[in-house]
Amino acid sequence: ACSTPSDGSAPSAVRRVMSTDEAVRAAEAARPSSGRTVSASLRAAPLTANLAGKPVQTWGYNDAINGSLLRGSVGDRLEVALENALPEPTVVHWHGLALANDQDGVEMLTQKDVAAGGSFSYGFRLAHPGTYWYHSHVELQRERGLYGPLVVDDPSETKDWDHEWVIVLDDWMDGVTGTPEDVLKELSGGMGGGMSGGMGGMQHSGTYMAMGSMSDFLGGDAGDVRYPLHLFNGRTPEDPDTVTAKPGDRVRLRLINAGGDTAYRVGAPGLKLTVTHTDGYPVERKDVDAVVLGMGERIDALLTVPAGWTPLMARPEGKAGLALGRISTGSGKEPDPAALPARLGGMVVDGGQLSSASTVRLASRSVDVKHTVRLTGSMMAYDWGLNGRRFDMANPYEGALEVRQGQRVQIDFVNEGMMWHPMHVHGHTFQVGDAGARKDTVIVRPGRTVSVFLDADNPGQWLYHCHNAYHAARGMMGVLSYV
Ligand code: C2O
Ligand code: CU
């Protein structure tokens, strides 16, 4: 049968599953229900943030650079009233949630964008507990501060911690006067050499120094603020987020990397972290010295608080800089950020290297469909793509990964380049390898192939992409398409 996709693109030979289909409504109805509704509102608007002692103009939700914490329990229906007070259209994407396709917040693919001055009501069932986040999905709006944390509680979970600390990390760099195209142009122009070892467009602080025109193109609002700033809950190390606890208390860290171009290595020097979850799903617990989070990833870990001050550091992988928070037990001397170690060593893991807890491991079965996604492009040309194709929202299904409901799907992400790519799939949680962690975002290192497995149980049209904001904006995206 032939059909014309609702986005007006050319008729294709395949019938794609659209949000209005019974299968999509049935999937939403099958999610757990508590019968409760949690209501929240998000106002996307320009704001003045105080960073490193200077006022800077940027954008955010609810007048904060890292938004508001949205929270509900498994089975709750979350209703969020979005008000768009930005000078341009926007949408909100709920990163990591397996929700109804038409609530996924991808402009053109799953909804019409919300015009400047407009509003939109999101509403969906919270299907699975864990640490998630939300962000604008329009080009580089997220880079201006349009993001925030979202936690889904599990009422049946045994609390083996005394405090919880939700931590959002960000490489805040964009001034509101810099358009995404300006940023991309500046980055590609400034990136001729120095490609070795780093994460993405920006390799190390020296790159910024060399880019003398950075603050010029960002405009007068930039003031004396250095770019980028590494933010820990919207704050710089001069004015760190601080929690208080008693010696011996356990703190559950919910770490979220909202950065656009920075992986963070997080740890408290001299202390172990017990990793418990990644991307919302439990893992076989592991004691480590530090964890690495690619852009979009989350890790939950437990930390036992010693007497005195405990600095919790996030060092950008492959670049200079520091994001910092602190735990205080009310005694001792405050840590001096300048005296902190330059590198967190020892046992270090990222979420893709962990094993899934047996309770969430995929049942073994044969693979029904296998897709290979080559991560292609070069920084020189600044032409990121998947399988050699640059994503075009006007023709989203070209090169789509087609799946059918009920299939076990294997996707091999093959990194042919020299940079890390944190690959993210919307609406699903995949398993890394045979027994790896259940995740929605996984780091694919240079020259490596990462195989992920998912059960096609959430019908619709879902974006998948690199979570480096600049790579995605330049075409490293595609569609996982239920047909
Ligand atoms: Cu957080 Cu399409 O991504
Ligand atoms: Cu990438």
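In case you missed it, the structure is sitting above this.
Residues numbered from 1 in each chain as written. Chains lettered and ligands numbered in written order. Predicted model: local features only at pLDDT ≥ 70, side-chain atom pairs only at ≥ 80, totals over all residues. Heavy atoms only, no water.

Caption draft 1: View of the coordination of the copper ion (ligand 2). The copper ion (ligand 2) binds to the protein through His421 (ND1), Cys466 (SG) and His471 (ND1), with metal-donor distances spanning 2.0 to 2.1 Å. In the primary sequence, the donor residues of the copper ion (ligand 2) line up as H-x44-C-x4-H. Linking His421 in strand β25 (residues 421-425) with His471 in helix α5 (residues 469-473), this pair joins segments that are 50 residues apart in sequence. Here the two residues His421 and His471 agree in accessibility, since each one is buried. (Donors = N, O, S within 2.8 Å, 3.2 Å for Na, K, Ca; no water. Helix = DSSP H or I, 4+ residues; strand = E, 2+ residues; numbered from the N terminus. Buried < 20%, exposed > 50% of the residue type's maximum accessible area, 1.4 Å probe, protein only.)

Caption draft 2: Quick peek at the packing of aromatic side chains. Overall, the coordinates contain 7 aromatic pairs when judged by the stated rule. A centroid spacing of 5.8 Å and a plane angle of 40° characterise the contact between Trp94 and Tyr134, whose relative ring orientation is tilted. Placement of Trp94 in strand β5 (residues 92-95) and of Tyr134 in strand β7 (residues 130-136) is noted, with a sequence separation of 40 residues between them. Of the residues examined, Trp94 reaches a relative accessible area of 0% and is grouped as buried. With a relative accessible area of 0%, Tyr134 lands in the buried category. Relative to Tyr464, the ring of Phe413 has its centre 6.5 Å away and its plane inclined at 45°; by these criteria the two rings are tilted. Separated by 51 residues along the polypeptide, Phe413 in strand β24 (residues 408-415) and Tyr464 in strand β30 (residues 461-466) bring together distant segments of the chain. (Phe/Tyr/Trp six-rings, centres within 6.5 Å; stacked < 30°, edge-to-face > 60°.)

Caption draft 3: Structural context of the pairing of strand β16 (residues 290-293). Of the two faces of β16, the one carrying Ala290 and Val292 and the one carrying Val291 and Leu293 are both buried. As paired strands, strand β13 (residues 264-267) and β16 are joined by 3 bridges and run antiparallel to one another. Considered in β16, the bridge of Tyr264 is made with Leu293. (Pairing = 2+ DSSP bridges.)

Caption draft 4: Molecular detail of the sheet that holds strand β17 (residues 298-304). The strand order across the open sheet built from 6 strands is β10-β9-β12-β17-β14-β15, with neighbouring strands paired in mixed fashion. Among the strands making up the open sheet, the edge pair consists of β10 (229-232) and β15 (281-288). Averaged over all neighbouring strand pairs, the angle between strand axes comes to 20°, with direction disregarded. (Axes fitted to C-alpha atoms, helices over the stretch in contact; angles between N-to-C directions.)

Caption draft 5: Fine view of the nonpolar core. Membership of the largest hydrophobic core comes to 56 residues, with the highest contact counts inside it found for Trp94, Leu97, Leu150, Ile411 and Phe413. No fewer than three residues from each of domain 1 (31-157) and domain 4 (361-482) sit in this core. Setting aside chain neighbours within four positions, we find Leu97 in contact with Phe124, Leu126, Tyr132, Leu150, Val152 and Gly427. One finds Leu169, Tyr264, Ala268 and Leu312 within the second-largest nonpolar core, a separate group that totals 29 residues. (Core = buried A, V, L, I, M, F, W, Y, C linked by side-chain atoms within 4.5 Å. Domains from an automatic or database assignment. Contact = heavy atoms within 4.5 Å.)

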